[in-house]
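Topology and contacts: notes
Residues per chain, in single letters:
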Amino acid sequence: LYPKKDSPGIPKSYKAIGMLDEHGNIKQRFSSIGEAARVTKINSAAISIAINKQNYKKTKGIRFIQL
């Protein structure tokens, strides 16, 4: 019922990220948004928006979640 709160002292950019397949299963895990951006060649800001916006969960057809 309440929004997920971030862990104090850990910047969002260093939290684990999951890339989902078309069925919603975790296809690949990343240790940070920066790593996900380097591997997928997608701008880190776009990945961050995809994770943080509740009604916009994908970028360039790829879905991301914060783990």
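The preceding data block contains the structure.
It should be emphasised that the depicted structure is a prediction, and the values quoted were computed from it without experimental measurement.

1. A closer look at the overall build of the protein chain
Scanning the protein chain from N- to C-terminus turns up two helices and four strands. In sequence order, the secondary structure elements of the protein chain are arranged as β-β-α-α-β-β. Long-range contacts, defined here as pairs at least 24 residues apart, represent 30% of the contacts in the protein chain between residues at least 6 apart. Carbon together with sulfur atoms contributes 53% to the accessible area of the protein chain, which is approximately 5000 Å² in total.

2. Section: unusual backbone geometry
Of note in this structure, Lys 41 is not a glycine but carries a positive phi near 65 degrees. Relative accessible area serves as the criterion here: at 68%, Lys 41 is assigned to the exposed category.

3. Some thoughts on the environment of Leu 20
Looking at the element boundaries, Leu 20 is found in strand β1 (residues 17-20). For Leu 20, a relative accessible area of 10% corresponds to the buried category. When the C-alpha atoms of Leu 20 and Ile 65 are compared, they prove to be 7.6 Å apart, with 45 residues separating the residues in sequence. Residues within four places of Leu 20 in sequence aside, it is in contact with Asn 25, Ile 26, Lys 27, Arg 63 and Ile 65.

4. Things to note about helix α1 (residues 33-40)
Listing the buried residues of α1 in full gives Ile 33, Ala 36, Ala 37 and Thr 40. Along α1, the residues classed as buried sweep out an arc of 100 degrees about the axis, all on the same side. Of the surrounding elements, those touching the buried residues of α1 are β1, β2 (26-30), α2 (44-52) and β4 (62-66).

What counts and what doesn't
- Residues numbered from 1 in each chain as written.
- Predicted model: local features only at pLDDT ≥ 70, side-chain atom pairs only at ≥ 80, totals over all residues.
- Heavy atoms only, no water.
- Helix = DSSP H or I, 4+ residues; strand = E, 2+ residues; numbered from the N terminus.
- Contact = heavy atoms within 4.5 Å.
- Areas by Shrake-Rupley, 256 points an atom, 1.4 Å probe, with all protein chains shown as cover.
- Buried < 20%, exposed > 50% of the residue type's maximum accessible area, 1.4 Å probe, protein only.
- Arc of directions from axis to C-beta.

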